[in-house]
Amino acid sequence: MATKSNVKQTKSPEKAVEAQQSAQKEAQKEAQTTVVEVGDFVTVRELAKLMGRSPIDLIKVLMQFGIMAPIDQRLDHDTAAIVGEELGVEVRWPEPEVEEEEAEEAAAAEEKAAAMPKTFIQKVLEQEDPAKLVERPPVVAILGHVDHGKTTLLDQIRHTNVVATEAGGITQHTGAYQVEVDGRKITFLDTPGHEAFTAMRARGAQVTDIVVLVVAADDGVMPQTREAISHAKAAGVPIIVAINKIDKPNANIDRVMEELSKEGLTPEEWGGDTIMVPVSALKGIGIEDLLENILVVAELEQLKANPNGKCVGTVIEAKLDRFRGVTATLLVQNGTLKRGDAIVVGTTWGRIKAMFDYQGKPIKKAGPSTPVVVLGLQEIPKAGEVFEVVKNDKEARRIAEERKEAEKAKARVPQRRMSLEDLFAKVEGGEVTTLNIIVRADVQGTLEPVVQSLERLSGDEVKLKILQAAIGDITESDVMLAEASDAIIIGFNVGVEKSAQRRAEQSGVEIRRYKVIYKMIEDIEAALKGMLEPVYEESILGHAEVREVFRVRRTGAVAGCMVLDGVIRRNAKARLLRDGEEVANTVIETLKRFTEDVSEVRAGYECGIKLANVTDYQIGDIIEAYEMVEVR
Ligand code: GDP
């Protein structure tokens, strides 16, 4: 701490008038700092604030040096140092924050690992003896904007690196293939695009080790490029960029790099850590370089598995073949899959009757990272479902049946994933520390302030993490990303695509739509404090018409009705309408079919209804039953 000798100590205890102001001055001095850190530039206002002085003091000093500086004038470091010297404040360069940065990075990596729920496969791998783990080939997915050349790249890699065999099915699509580069293997997932990538993740699978992001050099970063980046980042998978179509005359590699830097992917050449390889998928330029870089990243990632361990993996795709029955492409992720093995896949099972490699060549066994096509499953499994080898057929069938039962039970209870309403409870219960958010807005001008406000709401207790911020309607792929990352979706002045709506309803992903920012902020703040009130909306169950009125001595009157539409339920809320006017708003107290109490009566049936606190019914009255449902 260097205190300069020329700090002015202006205390004159003799003067009574000064004594009166002493408290004030004391407070001022307290706020005054003796050392401040200033970078290349600082405004007068900022510097005054740092020093705990009035900007006027600073402007006066500058004037002494003949500098007429308005309050928002930028001063360079040296000028700031001179001003400081006059005011008795040392102006220093900021400490290099190397160690801090490193510590932060490590903490961030740790946090990321903790935030990512472990998949079944990861748990299996954790059980393995580390000494038995051996290196396995990387599994690569190709993502990018439409028409940027994903399919062409996959074809080019396949054709230049796969040795055609007699079985020869190199044009056959099986969902995955393998190539060999310098004696090392790479597995490619053959269905490009982030929808397929995230659909698998939404089923709890994590098969991709490395993402190759294809960006056309003549087109640059486009909406789906951004989406692909968010999907890959949300999955925590490293990205290699293939800058494609460099053969085109209007290709501009630098521009693509610049645009990618804005998305948080800075090329290595510019001091960043993203590998970017210029290629032409069409002409086959740069492909070897790309493949070699994939191997470099794979090396860094230390991808390992135990070929002799418990055999597990994931379904890449499956279909019903007219001649062969169910065929499924499986990716082995640990252990070795053998012909004759009994496996459980999701809610189905089977015994591996036959097994082929991606070229259609019959094989007897397959180790980690190998894609295989198998025959023998009872039903068609879903892509992204996990398989495991079990003792025998009997065991496989038993587990599959148990799962089917469990699934049925689960389907009866609507699933709830992350929602703003239960956020607080989840935080209190220690279940979550991060709220993942996907944002959609109609225009860039809205998106930016929304993202900024959300970032400002992020706190120590609950972090708000924006997985994706994009323009346009909410898509099914957004919902999948939300499923895969336990996120909520916030929409600003945007619609929801039908398929997205359907999927969100099925999977319980929360979509919140807003028109004004302050309302969104209010909701999130309330949610963070556990004070978000659920919003209810009326939903009409059905209508019944009064056809007869029975007087019952003890209970008053009962209305003999015909249910016109929907359903009438006992205990449901109901209003009594007479000539379209509401005459009572109450609940259905008793509901009878003939003499029997029933819980509900559907359209087309007669019933007896008694409403609570209603004694007077007239023929022609309408009873409207409704319920309040929580709006999500
Ligand atoms: P995808 O939608 O990302 O799978 O893109 P495609 O692989 O279908 O490619 C879209 C179009 O771009 C096709 O007409 C390709 O022939 C063309 N294309 C792909 N890669 C290149 C390339 O490196 N150079 C040129 N000139 N055209 C390419």
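Bear in mind that the values here come from a model prediction, so they are computed numbers and not experimental data.

Cut-offs applied
- Each chain has its residues counted from 1, running along the sequence as written.
- Per-residue local features are limited, in this predicted model, to residues with pLDDT of at least 70; the limit for side-chain atom pairs, both in listing and counting, is 80 or more; totals at the level of whole chains, interfaces and linings are taken over all residues.
- Hydrogens and water are ignored here; the side-chain numbers use all heavy atoms of the structure.
- Secondary structure elements are defined from DSSP: runs of H or I of at least 4 residues count as helices, runs of E of at least 2 residues count as strands, and each element is numbered from the N terminus.
- Residue exposure (1.4 Å probe, protein chains only): buried if accessible area is under 20% of the type maximum, exposed if over 50%, otherwise partly exposed.
- Exposure was quantified through the Shrake-Rupley algorithm and a 1.4 Å probe, taking into account, for residues, occlusion by the shown protein chains and nothing else.
- Helices are assigned an expected span. That span is 1.5 Å times one less than the residue count.
- As used here, the arc belongs to the directions running from the helix axis to the C-beta atoms.
- Contact criterion: two residues are considered in contact whenever any of their non-hydrogen atoms come within 4.5 Å of each other.
- Pairing between strands is defined by DSSP: at least two bridges between them are needed.
- What counts as an axis is a line fitted to C-alpha atoms, over the stretch in contact for a helix, and the angles between N-to-C directions run from 0 to 180 degrees.
- Each angle gets one of four labels, with under 35 degrees taken as roughly parallel, over 145 as roughly antiparallel, 65 to 115 as roughly perpendicular, and the rest as oblique.
- Residues are grouped as follows: nonpolar covers Ala, Val, Leu, Ile, Met, Phe, Trp, Tyr, Cys and Pro; charged covers Asp, Glu, Lys and Arg; every other residue, Gly included, is treated as polar.
- Residues are labelled near a given molecule or strand when at least one of their non-hydrogen atoms is within 4 Å of it.
- Distance and chemistry together define a polar contact, namely a pair of N or O atoms within 3.5 Å, with one atom able to donate a hydrogen and the other to accept it when in protein, and with adjacent residues in sequence counting only for side-chain atoms on both sides.
- When the strands point away from the viewer, a crossover counts as right-handed if the route from the first strand across the helix to the second turns clockwise.
- Throughout, a crossing is termed right-handed when the near helix is turned clockwise from the far one, and left-handed when it is turned anticlockwise from it by less than a right angle.
- The score called pLDDT rates the predictor's confidence residue by residue, from a low of 0 to a high of 100.

**Comments concerning the overall build of the protein chain**
So, point 1. Across its full length, the protein chain carries 17 helices and 32 strands.
So, point 2. Across the 632 residues in the protein chain, those meeting the buried criterion constitute 45%.
So, point 3. On the protein chain, roughly 33400 Å² of surface is accessible, and the fraction owed to carbon and sulfur atoms is 49%.

**Focus on helix α14 (residues 444-457)**
So, point 1. Along its 14 residues, α14 runs 20 Å from first to last C-alpha, staying within 8% of the 20 Å computed at 1.5 Å per residue.
So, point 2. Considered for burial, the residues of α14 that qualify are Thr446, Leu447, Val450, Val451, Ser453, Leu454 and Leu457. For α14, the arc enclosing every buried residue in end-on projection is 165°, short of the 170-degree limit, so these residues lie on one face. Of the exposed residues in α14, the ones pointing more than 90 degrees away from its buried face are Gly445 and Arg456.
So, point 3. In the core, the buried residues of α14 are packed alongside β21 (434-441), β22 (463-471), β23 (487-492) and α17 (517-528).

**Structural notes on the sheet that holds strand β16 (residues 342-345)**
So, point 1. One closed barrel holds the 6 strands; their spatial order is β13-β14-β19-β17-β16-β20, and the pairing between them is antiparallel. On average, each strand axis in the sheet is tilted by 45° relative to the strand beside it, whichever way the strands run.
So, point 2. Packed onto the sheet, helix α6 (residues 120-127) meets β13 (312-321), β14 (325-334) and β20 (386-390) and runs at close to 140° relative to β13.

**Description of the packing of helix α15 (residues 476-485) against helix α16 (residues 498-507)**
Helix packing for two helices is described by the angle between their axes and how far apart those axes are.
So, point 1. Taken N-terminus to C-terminus, the directions of α15 and α16 make an angle of 25°; their axes are 8 Å apart at the nearest point. The angle between the axes of α15 and α16 places the two elements in the roughly parallel class. Together, Glu476, Val479, Met480 and Glu483 of α15 and Ser499, Ala500, Arg503, Ala504 and Ser507 of α16 make up the contact between the two elements.
So, point 2. Residues belonging to the contact of α15 with α16 are distributed by class as follows: 4 nonpolar, 2 polar and 3 charged.

**Examining the sheet that holds strand β24 (residues 511-514)**
As a general point, the strands of a sheet are linked pairwise by backbone hydrogen bonds and lie either parallel or antiparallel.
So, point 1. Read from one edge to the other, the open sheet built from 4 strands follows the order β22-β21-β23-β24, with strand pairing classed as parallel. Each edge of the open sheet is held by one strand with a lone partner, namely β22 and β24. Going from strand to strand, the sheet's axes swing by 25° on average, the running direction of each strand aside.
So, point 2. Where β23 lies against β24, 4 bridges are found, and the strand directions are parallel. Considered in β24, the bridge of Gly491 is made with Arg513.
So, point 3. Against the sheet, α14 touches β21, β22 and β23, its axis set at about 175° to β22.

**Observations regarding the site of the ligand**
So, point 1. Contacts to the ligand come from 15 residues, most closely from Asp147, Lys150, Thr151, Thr152 and Asp247.
So, point 2. The side chain of Lys245 places a nitrogen or oxygen atom 3.0 Å from an oxygen atom of the ligand.
So, point 3. Of all the elements, helix α7 (residues 150-161) adds the most residues to the shell around the ligand, at 3 residues.
So, point 4. A breakdown of the residues in the shell around the ligand according to their chemical character gives 3 nonpolar, 7 polar and 5 charged.

**Overview of the pairing of β16**
A regular strand places its side chains on the two faces of the sheet in alternate fashion.
So, point 1. Side chains Ala342 and Val344 of β16 all project onto a buried face; the interleaved residues Ile343 and Val345 project onto the opposite face, where all are buried too.
So, point 2. The loop that links β16 with its antiparallel partner strand β17 (residues 348-356) comprises 2 residues; one of these, Gly346, has a positive phi angle of about 55°.
So, point 3. Examined bridge by bridge, β16 and β20 share 4 bridges and lie antiparallel to one another. Within β20, the residue paired with Val344 across the bridge is Glu388.

**Section: unusual backbone geometry**
So, point 1. The residue Asn493 is not glycine, and still its phi comes out positive at about 55°.
So, point 2. With respect to the secondary-structure elements, Asn493 resides in the loop between β23 and α16.
So, point 3. The class of Asn493 is partly exposed, set by a relative accessible area of 36%.
So, point 4. Despite not being glycine, Asn571 shows a phi value in the positive range, around 75°.
So, point 5. In this fold, Asn571 is placed in the loop between β26 (556-569) and β27 (573-578).

**Considering the pairing of strand β10 (residues 239-244)**
So, point 1. Of all the 6 residues making up β10, 6 are buried; the element is thus mostly covered by neighbouring parts of the structure.
So, point 2. Burial of β10 is two-sided: the residues Ile239, Val241 and Ile243 facing one way and the residues Ile240, Ala242 and Asn244 facing the other way are all buried.
So, point 3. Relative to β10, strand β9 (residues 210-216) runs parallel, the two sharing 6 bridges. Residue pairing in the sheet places Val211 in a bridge with Ile239 of β10.
So, point 4. Tracing the backbone out of β9, into helix α9 (residues 223-235) and back to the parallel element β10 gives a crossover that is right-handed.
So, point 5. Read as a crossover between parallel neighbours, the route from β10 over helix α10 (residues 253-262) to strand β11 (residues 276-278) is right-handed.

**Examining the packing of helix α2 (residues 44-51) against helix α3 (residues 55-64)**
So, point 1. As a packed pair, α2 and α3 sit with axes 8 Å apart at the nearest point and diverge in direction by 120°. Of the two elements, α2 crosses α3, and the hand of that crossing is right-handed. Residues Val44, Leu47, Ala48 and Met51 of α2 touch α3, and the partners they reach there are Pro55, Leu58, Ile59 and Leu62.
So, point 2. Tallied by class, the residues present in the contact of α2 with α3 amount to 8 nonpolar, no polar and no charged.

**With respect to the confidence of the model for the protein chain**
So, point 1. Confidence in the prediction for the protein chain averages 85 pLDDT; 87% of positions are at 70 or higher.
So, point 2. Within the model, pLDDT remains below 50 along residues 1-13, and this stretch shows 17 contacts once partners closer than five positions in the same chain are excluded.
So, point 3. In this model residues 166-170 is a low-confidence stretch, pLDDT under 50, and it forms 11 contacts with partners more than four residues away in sequence or in other chains.

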